[in-house]
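Given next are the chains, with one letter for each unit.
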Amino acid sequence: MCGIVGYIGKRKAYPILIKGLHRLEYRGYDSAGVALINDHGQLNVYKAKGKVADLEQAVADKDTSGYIGIAHTRWATHGEPNQVNAHPHYSESEELAIIHNGIIENYIVLKKGLMQHGYTFKSDTDTEVLIQLIEYTKRTDNVDLKKAVQLALQQVVGAYAIAVLDRNNPTRIIAARQGSPLVIGIGKDEFFLASDATPIVEYTDQVVYVEDQEIVCLELGKDIEITTIHNVPKTPEIKKLEMTLSQLEKGGFPHFMLKEIFEQPRTLADSMRGRVNVDMNNIALSGFIDNKERFLKAPRIIITACGTSWHAGLIAKYAIEEFAHIPVEVEYSSEFRYRKPVINKDDVVIAISQSGETADTLAAIQLAKSKGAFIFSICNVIGASIPRVSDSGCYTHVGPEIGVASTKAFTGQVTALTMLAVCIGHAKGAIRYDKYLRIISELNLIPQKIAHILEQSDAIAEFAKTFIETQNALYLGRGYNYPVALEGALKLKEISYIHAEGYPAAEMKHGPIALITDQMPVVVVAPHCGTYEKIVSNIQEIKARQGRVIAVVTEGDKQVREMADFAITVPETEECLTPLLTVIPLQILAYHIAVVKGCDVDQPRNLAKSVTVE
Ligand code: G6P
């Protein structure tokens, strides 16, 4: 996590850096800082605890002149979030400054070595060790900054995206990447660098995605120059950015999360565009078509993901097993990568990641790849690390997701995975043709059905007021809607800080039932499905213990509605598609509860959107 941004060119650097930090704030927001070489050749570093707005306040009366600078918004790993540990970090002489996203794992050994050479440290961070090492190398080996960065990085174990400024060379930024994302924007007589393209999009659409082990030299009056950390020259591959500025703004909504919830009718149409064809009775996923044989011969599929993406993976298990008849295992990437999992070369591994940068998922892919498995990724951010290291994949195409709590990315993932499950099933002849046709026609109707559900937002907002004192909540679902219950609970705890647990409804009897009192809201996801009658019994068990039931039911439902204290309806659809509808009320409910409680919806405490550290 952490967001980094840099600029060198003909414009004033500070406003570009601050705007860039605001765009990257989703990556971490416990402290922020900026380093600028001003018009008098001084290298100034300004830092503040808190958000980028706090930094702006702290810098208000300072000299922010200069045309070259780097800036950082932090999600603390080493060292508590305070001003001293905030980036940028100076070197001992204060001639160099660095920003860093990632973790230097061997920083203690490096630090001890530097201390023996008389270096002192102001912060507790691993990053300060790296800049001191660069300066030490520059001096003792008498090399220029680029060479010093190369030599220093050869000694580093860990992950980084860094950018370094040198007071004595105010026309150059050196940047490098290993494991953490780094994008370079190329303008006319100017360069930008950032953790993702959002700070760059309004200035240029020409970008270079830096690869692992690469060092970039951005020097005024010269072309971008890339070498490996072992000094092998690389040819920069300039790509056109597929992102628009309006996608990054709130568009009249009070929060990004609400905007993203309301975007879902359009984003899901985008996910299906050119793929689901009702007139031709066809679903076509090019990443699948090009690798059909790999899927057809797979004895099993392993899905690996984290957080909300893992929940999407769990829904995919139900769909792939039902339609393609292939056994599916769903793994938390962080567990999978450190177990000794049995992976065979015929296995297909599906990695799911909104950001395409999650460190654990990336490592899980690398492990599976080393065993010869075929890697198919479902990602949202185009050109991110995970799609680049995968053999094939499918983008969700829901546009940038800024709210830290994932909403439209989740429904985009479920849509992509459902299309994939149905494609495999169809190619194998495992899915009945009438079912295949019904799913195609129902997928096509999902956007308008979601639009219909969104009309209940005001009623849900009103109901959310009853949660003001709530400390705990339980979410229950069965079958395809069990993962939806997990996702609903996650949404609530992430943004409203109410403790919430998701459970398969029938498992309630094995523990959570002990928690039920009239103080305990129980959200039950109960659309018309195969297990409907079973879930009715589960609701009776809750009501018998005075639990407060909030139910998500299919339009026209009477039985559950009568028992529930509050009901939200969703239109009828195919069972495998119900998660795309039932999750919407849960997203809206969590959002309004967080607003009622006065929480920071888009940037919940302690969280970050892109988890690029393990
Ligand atoms: C973080 C985010 C979640 C996300 C998870 C996995 O925890 O806050 O919203 O689901 O990372 O991220 P990914 O980008 O791999 O989907």
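Note that the structure is predicted; figures quoted are calculated from it, not measured.

A. Region of interest: the overall build of the protein. Counting its regular elements, the protein contains 20 helices and 27 strands. Computed over its C-alpha atoms, the radius of gyration of the protein comes to 25 Å, within 12% of the 25 Å expected for a compact globule of 614 residues. Judged by the C-alpha coordinates and their principal axes, the protein covers about 80 × 55 × 45 Å. For the protein, the proportion of its 614 residues judged to be buried stands at 62%.

B. Layout of the packing of helix 4 (residues 126-140) against helix 5 (residues 145-154). Viewed as axis vectors pointing N to C, helix 4 and helix 5 meet at an angle of 120°, and their least axial separation amounts to 8 Å. It follows that helix 4 is oblique to helix 5 by the angle criterion. The two elements helix 4 and helix 5 cross, and the hand of that crossing is right-handed. In this structure, helix 4 uses Leu130, Leu133, Ile134, Thr137 and Lys138 to contact helix 5, whose residues at the interface are Leu145, Ala148, Val149, Leu151, Ala152 and Leu153. Partitioning the contact of helix 4 with helix 5 into residue classes produces nine nonpolar, one polar and one charged.

C. Summary view of helix 12 (residues 359-370). Here helix 12 spans 17 Å end to end across 12 residues, near enough to the 16 Å set by a 1.5 Å rise per residue. Along helix 12, the residues classified as buried are Ala359, Asp360, Thr361, Leu362, Ala363, Ala364, Ile365 and Ala368. Residues of helix 12 that are buried in the fold lie against strand 18 (301-305), helix 11 (333-336), strand 20 (348-353), strand 21 (374-379) and helix 13 (385-389). Gly372 sits one or two positions beyond helix 12 and adopts a positive phi of about 90°.

D. Up close: the side chain of Asn85. Topologically, Asn85 is positioned in the loop between strand 4 (68-74) and strand 5 (89-90). Within the local environment of Asn85, its side chain forms a polar contact with the backbone nitrogen of Asp124, the two atoms lying 2.9 Å apart. Sequence-distant contacts of Asn85, that is, excluding residues within four places in its chain, are made with Arg74, Gly79, Glu80, Ser123, Asp124 and Thr125.

E. Focus on the site of the ligand. The immediate surroundings of the ligand are formed by 13 residues, with Ser309, Ser353, Gln354, Ser355 and Thr358 found nearest. Backbone polar atom of Gln354 to an oxygen atom of the ligand: 2.7 Å apart, as the coordinates give it. The separation between an oxygen atom of the ligand and a polar main-chain atom of Val404 is 3.4 Å.

F. View of the environment of Gly33. Here Gly33 lies in strand 2 (residues 31-37). Using a relative accessible area of 0% as the deciding quantity, one classes Gly33 as buried. For the pair Gly33 and Lys49, spaced 16 residues apart in sequence, the C-alpha separation works out to 8.7 Å. With sequence-adjacent residues up to four places away left out, Gly33 is seen in contact with Leu21, Tyr46, Lys47, Leu55, Ile70, Ala71, His72, His87 and Pro88.

G. Layout of helix 18 (residues 532-543). Taking 1.5 Å per residue as the helical rise, helix 18 with its 12 residues ought to reach 16 Å, and the 17 Å between its terminal C-alpha atoms agrees with that figure. Turning to helix 18, its buried residues number three or more, namely Tyr532, Ile535, Val536, Asn538, Ile539 and Ile542. One side of helix 18 holds all its buried residues, which, seen down the axis, span an arc of 160°. Summarising the geometry of helix 18, the exposed residues directed more than 90 degrees from the buried face are Glu533 and Lys534.

H. Region of the structure containing the pairing of strand 12 (residues 214-219). In terms of residue burial, strand 12 counts as a mostly covered element, since six of its six residues are buried. Covered by surrounding structure in strand 12 are Glu214, Val216 and Leu218 together with Ile215, Cys217 and Glu219, the residues of both alternating faces. For strand 8 (residues 172-178) and strand 12, the ladder comprises six bridges, and the chain directions are antiparallel. Opposite Ala175, over in strand 12, you have Val216 as the bridge partner.

I. Main features of the side chain of Gln413. Tracing the backbone shows Gln413 in helix 14 (residues 408-428). According to the relative accessible area criterion, Gln413 is buried, its value standing at 2%. Sequence-distant contacts of Gln413, that is, excluding residues within four places in its chain, are made with Thr308, Ser309, Ala312, Ile352, Ser353, Gln354, Ile378 and Thr396.

J. Molecular detail of the pairing of strand 19 (residues 328-332). Bridge analysis of strand 18 against strand 19 gives five bridges, and the strand direction is parallel. Bridge pairing in strand 19 places Ala305 opposite Tyr332. A crossover links strand 18 with its parallel partner strand 19, the connecting element being helix 10 (residues 307-324), and its sense is right-handed.

K. Representation of the sheet that holds strand 24 (residues 499-504) within the structure. Reading across the sheet, the five strands line up as 24-23-25-26-27 and stay open at both edges, with parallel pairing between neighbours. Of all the strands in the sheet, just strand 24 and strand 27 (566-570) have a single pairing partner and so form its edges. In this sheet, adjacent strand axes meet at a mean angle of 15° when their direction is disregarded. Pairing geometry for strand 25 (residues 521-526) and strand 26 (residues 548-554), over six bridges, is parallel.

L. Region of interest: unusual backbone geometry. Cis geometry is found at the peptide bond from His87 to Pro88, where omega equals 0°. In this fold, Pro88 is placed in the loop between strand 4 and strand 5. Backbone geometry at Gln213 places phi at a positive 70°, although glycine is not the residue there. Note that Gln213 resides in the loop between strand 11 (206-209) and strand 12. Look at Gln213 and you get partly exposed, because its relative accessible area is 35%. Despite not being glycine, Gln546 has its phi angle at roughly 65°, a positive value. Here Gln546 is to be found in the loop between helix 18 and strand 26.

M. Inspection of the sheet that holds strand 12 at higher detail. Spatially, 5-6-7-8-12-13-14 is the arrangement adopted by the seven strands of the open sheet, whose pairing is antiparallel. Because the sheet does not close on itself, it has two edges, and the strands there are strand 5 and strand 14 (233-234). One ladder, built from two bridges, connects strand 13 (residues 225-228) with strand 14; its direction is antiparallel. Residue pairing for strand 14: Ile226 is matched across the bridge by Lys234. Contacts between helix 4 and the sheet are confined to strand 5, strand 6 (96-104) and strand 7 (158-166), with strand 6 contributing the most and set at about 130° to the helix.

N. View of the nonpolar core. Residues Ile283, Ile301, Ile303, Ile320, Phe323, Ile350 and Tyr475 are the most contacted members of the largest nonpolar core, which totals 91 residues. Of the residues forming this core, the biggest block, 11 residues, is contributed by helix 20 (residues 578-596). Ignoring any residue separated from it by four or fewer positions in sequence, one finds Ile283 in contact with Arg275, Val276, Met419, Val422, Cys423, Tyr436, Ile440 and Leu443. By size, the runner-up hydrophobic cluster in this structure holds 34 residues, among which are Leu36, Val59, Val207 and Val404.

Conventions adopted
Residues numbered from 1 in each chain as written. Predicted model: local features only at pLDDT ≥ 70, side-chain atom pairs only at ≥ 80, totals over all residues. Heavy atoms only, no water. Helix = DSSP H or I, 4+ residues; strand = E, 2+ residues; numbered from the N terminus. Rg over C-alpha atoms; globule rule 2.2 N^0.38 Å. Buried < 20%, exposed > 50% of the residue type's maximum accessible area, 1.4 Å probe, protein only. Axes fitted to C-alpha atoms, helices over the stretch in contact; angles between N-to-C directions. Parallel < 35°, antiparallel > 145°, perpendicular 65-115°, else oblique. Left-handed = near helix turned anticlockwise from the far one by under 90°. Contact = heavy atoms within 4.5 Å. Nonpolar A, V, L, I, M, F, W, Y, C, P; charged D, E, K, R; others polar. Expected span 1.5 Å × (residues − 1). Polar contact = N/O pair within 3.5 Å; in protein donor to acceptor, adjacent residues only side chain to side chain. Near = heavy atom within 4 Å. Arc of directions from axis to C-beta. Pairing = 2+ DSSP bridges. Right-handed = clockwise from strand over helix to strand, strands pointing away. Core = buried A, V, L, I, M, F, W, Y, C linked by side-chain atoms within 4.5 Å.

Interpretation in functional terms is not warranted from these geometric data alone.
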